[in-house]
Number of protein chains: 2
Amino acid sequence: MNFPNRKRIILQTVEEKGSVEVKELAELIQTSEITIRRDLTAMAADGLIYRTHGGAMKVGLAINPVQFANKTAVNSENKDYICRLAAQEINEGDIIFMDCGSTVFRLCQFIRNKRIQLITNSLPVVNELLDSEVKVNLVGGEVDSKRQAVHGLIANEHVARYRAHKAFLGVDGISAQHGLSAHSESEAGMTLAMASQADAVYMLCDSTKLEKDKYFHFAPLSLIQVIVTDQAANPDVLELYRERGVRIVN
Amino acid sequence: MNFPNRKRIILQTVEEKGSVEVKELAELIQTSEITIRRDLTAMAADGLIYRTHGGAMKVGLAINPVQFANKTAVNSENKDYICRLAAQEINEGDIIFMDCGSTVFRLCQFIRNKRIQLITNSLPVVNELLDSEVKVNLVGGEVDSKRQAVHGLIANEHVARYRAHKAFLGVDGISAQHGLSAHSESEAGMTLAMASQADAVYMLCDSTKLEKDKYFHFAPLSLIQVIVTDQAANPDVLELYRERGVRIVN
DNA sequence: TGCAATTCGCTCAAGAATAATCAAAATCAA
DNA sequence: TTGATTTTGATTATTCTTGAGCGAATTGCA
């Protein structure tokens, strides 16, 4: 019995029973426990199951994964807080941009029932809003599988064809002095493209990202009009941004 | 016993049993294990089977082991047969179009390991191939939530910017006399856009769609070069298409 | 909190499967 | 037929997988 076959059996068992034990599986598949443990570790790494002591559990979204769901768990209360505020800024009939940040993704749940037009380059966002009131326009171009989003030259050009009322964007780092910075060039390109086509640019960033500089600086602070952040943000820091004409929502 | 014959037997065995071992096949075909291994390697490279240590598995079982159980897609046997044939027409380095038909979607599992460039307007296809060897380019534009695909003017324009070697498309109806027909205008637009930008157009259609006319006729038969269909197709009907210069693969 | 019982991951070794290489056989073209 | 090409088989070195032992970590129970 080889790994793919065991994998199939394990998945099926987990799916049926909700949770399984290592012993149980070893007995069922007629192999050693250490082998099962190794299988479970590998499968958990792929997000197919949830590993527990002594066994494994079914993970809700694992089969049809928007793997994004796991990543968003970090700082999730803060992110939800931010998104709730951001959602209040969106009115019926608005045309908005959303990029592919993990914070921005959580905005989806708060805008499901708004009748708005959305332009995005994020695949999880599109999936999330497929059956909603929101009319979605997807940016075309090269798919970046790691970020589950569309980036590149063609994507930027696509964005340039639209004009929106508001852009809701994430960023890796932001500082009052040096402006916006990112880990990757392509993400920065998309941020710029959307920002330049929007009447108002909203940065959704939890307080940990304030006054942090990442390696690639790509825009001055003047690119944005609003920062939406959480209540853990230092008031003195926020004042820095206000002085430079940025509206703070928190 | 030559390769094509062995291939046929191997495919049939894998299809029946789900998974097989090298030894088993060597015994069955009365040849050496090394030969079987070579056959399996070649077939796996074409995406016809999933290679495991010590044997091979059905592609579907290995790719999404669980969905398989509950998902009783219409005509799935025939569709897999068609897609397996279609996959063999795709070479490393090819640039291909795929549209959003349900048959075309099943092609995904057979091309996961091919190093090719794909341009598609189908969201399920993109999701399916996110973590694969395939480089995906997504067509941008209005998202049609019912069809889970991108359609419309902008989408067609996007397609027009690319040139591909082959297009793999679905269609609602096809007849030797009247050509291609569809249920919806927007889908027809996408089909036309892709077909006109491809060197060779492959229609993937199970035999039930042959000689069927749907309400919206949108292109003559000359638009396409190849029809890939299943073995239930009536030979006399196929002859009609051959007479009109269409290559038949089945 | 502390202790005992599992459970875990790491490393090592044995065995199986594989890829690589080369020789023999079969096939094909002229 | 001869020579070239392809296919097949055998051998060997390498890689992959599995299972066991052992110390470390985690859990459950008192």
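In what follows, the structure referred to is the one given above.
Right, let's walk through the structure included here. Not measured: the values here are computed from a predicted model.

1. Section: the protein's contact with DNA strand C
Here comes step 1: Every one of the 19 residues lining DNA strand C counts as a neighbour, but A:Arg51, A:Gly54, B:Arg37, B:Arg51 and B:Gly54 are closest to it.
Here comes step 2: Among the atoms of DNA strand C lying within 4 Å of the protein, the sugar-phosphate backbone contributes 79%.
Here comes step 3: Interatomic distance of 3.2 Å between a side-chain N/O atom of A:Arg37 and a phosphate oxygen of DNA strand C.
Here comes step 4: The contact in question runs from a phosphate oxygen of DNA strand C to an N or O atom on the backbone of B:Gly54, over 2.7 Å.
Here comes step 5: Listing elements by their share of the surface near DNA strand C, those giving two or more residues are α2 (22–29), α3 (33–45) and β2 (49–52) of chain A together with α2 (22–29) and β2 (50–52) of chain B.
Here comes step 6: In terms of residues, the surface near DNA strand C owes the most to one element, α3(A), which gives four residues.

2. Thoughts on the interface of chain B and chain A
Often, the extent of an interface is quoted as the loss of accessible area on bringing the components together.
Here comes step 1: Taken together, the contact between chain B and chain A spans 32 residues of the former and 31 residues of the latter.
Here comes step 2: Summed over both partners, the interface of chain B with chain A comes to about 2700 Å²; 57% of that surface belongs to carbon and sulfur atoms.
Here comes step 3: Between chain B and chain A we count four salt bridges in total.
Here comes step 4: A:Arg161 is the partner of B:Glu157 in a salt bridge, and the nearest nitrogen-oxygen pair spans 2.7 Å.
Here comes step 5: Counting the contacts that link chain B with chain A gives ten residue pairs in polar contact (both at pLDDT 80 or more).
Here comes step 6: Every element with two or more residues in the side of chain B that touches chain A is listed here: β2, α9 (123–128), β6 (135–138), β7 (141–144) and α10 (153–160) of chain B.
Here comes step 7: It is β6(B) that contributes the most residues to the side of chain B that touches chain A, four residues altogether.
Here comes step 8: Here the residues of the side of chain B that touches chain A are counted per class, giving 15 nonpolar, twelve polar and five charged.

3. Some thoughts on the packing of α2(B) against helix α3 (residues 33–45) of chain B
All names here are of chain B.
Here comes step 1: One can describe the packing of α2 onto α3 by two numbers: an axis separation of 9 Å at closest approach and a directional angle of 110 degrees. Here α2 is positioned roughly perpendicular relative to α3, judged by the angle of their axes. For the pair α2 and α3, the crossing hand works out as right-handed. Together, Val 22, Lys 23, Leu 25, Ala 26 and Ile 29 of α2 and Glu 33, Ile 36, Arg 37 and Leu 40 of α3 make up the contact between the two elements.
Here comes step 2: Within the contact of α2 with α3, the residues separate by chemical class into six nonpolar, no polar and three charged.

4. What about the packing of aromatic side chains?
All names here are of chain A.
Here comes step 1: Under the counting rule described, the total for this entry stands at six aromatic pairs over all chains.
Here comes step 2: Residues Phe 216 and Phe 218 carry aromatic rings whose centres are separated by 6.5 Å and whose planes lie at 20 degrees to one another, so their mutual orientation is stacked.
Here comes step 3: Feature note: the residues Tyr 215, Phe 216 and Phe 218 constitute an aromatic cluster, connected by ring pairs.

Reading guide: rules and limits
Residues numbered from 1 in each chain as written. Chains lettered and ligands numbered in written order. Predicted model: local features only at pLDDT ≥ 70, side-chain atom pairs only at ≥ 80, totals over all residues. Heavy atoms only, no water. Near = heavy atom within 4 Å. Polar contact = N/O pair within 3.5 Å; in protein donor to acceptor, adjacent residues only side chain to side chain. Helix = DSSP H or I, 4+ residues; strand = E, 2+ residues; numbered from the N terminus. Contact = heavy atoms within 4.5 Å. Buried area = accessible area lost by both parts, 1.4 Å probe. Salt bridge = Lys/Arg side-chain N within 4 Å of Asp/Glu carboxyl O. Nonpolar A, V, L, I, M, F, W, Y, C, P; charged D, E, K, R; others polar. Axes fitted to C-alpha atoms, helices over the stretch in contact; angles between N-to-C directions. Parallel < 35°, antiparallel > 145°, perpendicular 65-115°, else oblique. Left-handed = near helix turned anticlockwise from the far one by under 90°. Phe/Tyr/Trp six-rings, centres within 6.5 Å; stacked < 30°, edge-to-face > 60°.

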